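Here is what each chain is made of, one letter per residue.
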Amino acid sequence: MNEVAAEHIPPKPGKKQIALKILKQYAVITLGCILYATGISLFVEPANLASGGMTGISLIINAVSGFPTGYLYIILNVPMFILGLIFFGWKFLLSTGYATVVSGLLMRFGKFAINNWIKQPFTDNVLVNAIVGAVLFGMGMGLIFRMGATTAGTDVIVKILRKRFRHIKTGMISLVTDMIVVGCSFFVHYDIDKLFYTALHVVVFTLVFDWVLYGGNSAKTVFIITAKEKCEAVIQRILKDIDTGATVVDAKGAYTKDEKVMIMCVVKPFLYPRLRDVVHEEDKKAFMIVSSAKEIYGEGYQNPEDAEL
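From a predicted model like this one, the values you see are computed outputs, not experimental measurements.

What counts as what
Residues numbered from 1 in each chain as written. Predicted model: local features only at pLDDT ≥ 70, side-chain atom pairs only at ≥ 80, totals over all residues. Heavy atoms only, no water. Helix = DSSP H or I, 4+ residues; strand = E, 2+ residues; numbered from the N terminus. Buried < 20%, exposed > 50% of the residue type's maximum accessible area, 1.4 Å probe, protein only. Contact = heavy atoms within 4.5 Å. Pairing = 2+ DSSP bridges. Phe/Tyr/Trp six-rings, centres within 6.5 Å; stacked < 30°, edge-to-face > 60°. Patch = residues over 30% accessible without salt bridge, like charges linked within 9 Å, V, L, I, M, F, W, Y side chains within 5 Å. Areas by Shrake-Rupley, 256 points an atom, 1.4 Å probe, with all protein chains shown as cover. Salt bridge = Lys/Arg side-chain N within 4 Å of Asp/Glu carboxyl O. 1 Å grid on protein atoms, 1.4 Å probe; cavity = no way out; pocket = protein on both sides within 12 Å on 5 of 7 lines; lining within 4 Å. Points joined across faces, edges and corners; volume = space filled by probe spheres on them. Nonpolar A, V, L, I, M, F, W, Y, C, P; charged D, E, K, R; others polar.

A few words on the environment of I224. Within the element layout of this structure, I224 appears in strand β2 (residues 219-227). Judged by its relative accessible area of 0%, I224 falls in the buried class. For the pair formed by I224 and V261, sequence separation is 37 residues and the distance between their alpha carbons is 8.0 Å. Residue contacts for I224: discarding those within four places in its chain leaves I238, V261, M262, I263, C265, L275, V279, A286, F287 and M288.

This is the structure in structure tokens:
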């Protein structure tokens, strides 16, 4: 059985493309830091809720000492920077250092805004604070992780554990470590209601975090069985209109013995309806098999080097 790959061969990226890629990476990391810091400083901290990881530890120390959470967050992460440098190198340290410092300063800015401009929390409803804070926190952290960075703290430990236990998703490892910190927060506040609200916050954060981190890697796997004379037209439309690659495999009908061609391609869910229309326009008798793919590694999808996330 012959197999031919019909796909784009991208040119080697130049300095401009590399610079744009780095700019995009840090722009997304910055957006993640904004969402993360907003969730903590404007929702979680005003409600006197704890959180997981180094953020939770900083909130606990803040509740006891009054020392600013944002500054505590940066100081406590120094040992984690060293650990990250040892295990992941300078590239990881730079992006993580940037995310950590920006997040810490933004948390401090959010506290300043609450005290001097807003004057009061957005809401006194602890449940709303727990859920909204978790959603913003989870989205921010997910974006930061997708760009290959972390916010240091226990995230570095989670990333190290992920290298050893690859079958467990990052969010689940975070959930275990976060729950330990949440349990410690009870001995500071001695409030069982706050403890449950904090636990809810951590669970919602984990779900949102995993969705942002892994959800974008899902796609549709499509097998298109078409007549040999229609194959080239279908492939050209896929390459041009859908802008995705395809793999072509010679095939034969088991009953008719007719020569066929099977085209396999992977597309984002929002592109699938257009792909279906393209195939139908070129070959109304084409046979299509569609399935969902949860994780895709390769050009246009997740980098194989990011598998440890």
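The subject of this paragraph is the pairing of β2. Of the pairings in the sheet, the one linking β2 to strand β5 (residues 287-293) comprises 7 bridges and is antiparallel in character. Following the sheet pairing, F223 is matched in β5 by I289. With 8 bridges joining them, β2 and strand β4 (residues 259-267) adopt antiparallel strand pairing. Bridging from a neighbouring strand, I225 pairs with M262 of β4.

Not every positive phi belongs to a glycine, and D243 is a case in point at roughly 55 degrees. Structurally, the position occupied by D243 is in the loop between α9 (228-242) and β3 (246-252). Residue classification places D243 among the exposed residues on the basis of a relative accessible area of 57%. One non-glycine residue, K257, lies in the positive phi region at around 65 degrees. Its location among the elements puts K257 in the loop between β3 and β4. Residue K257 is classed as exposed on the basis of its relative accessible area, which comes to 54%.

This part is about the packing of aromatic side chains. Tallied over the full model, the rule gives 5 aromatic pairs. Here the aromatic rings of F145 and F209 are separated by 5.1 Å at their centres, their planes lie at 85 degrees, and the arrangement is edge-to-face. Of this pair, F145 sits in helix α5 (residues 126-146) while F209 is found in helix α8 (residues 192-215), placing the two residues 64 residues apart along the sequence. F209 shares its class with F145; the two are buried. An aromatic cluster is built from Y36, F137, F145, F205 and F209, whose rings are joined through pairwise contacts.

Now for a nonpolar patch on the surface. Judged by side-chain polarity, F67, Y71, I75, V101 and L105 come together as a nonpolar surface patch covering roughly 430 Å² of accessible area. Those elements that provide at least two residues to the nonpolar patch are α3 (69-76) and α4 (78-118). Summarising the element assignment, L105 is placed in helix α4. Exposure remark for L105: the relative accessible area of 45% places this residue in the partly exposed category.

What follows covers empty space enclosed by the protein. Considering all chains together, one arrives at 3 cavities of 30 Å³ or more under this definition. If you add up the space inside the largest cavity, you get close to 120 Å³. The wall of the largest cavity is formed by 17 residues, among which G52, G53, M141, T154 and D155 lie closest to the centre. Residue assignment for the lining of the largest cavity shows that the elements contributing at least two residues are α2 (53-65), α5, α6 (154-164) and α7 (170-189). For the lining of the largest cavity, the per-class residue count stands at 8 nonpolar, 7 polar and 2 charged.

It is worth spelling out the side chain of T96 at this point. Note on placement: T96 falls in helix α4. Relative accessible area serves as the criterion here: at 1%, T96 is assigned to the buried category.

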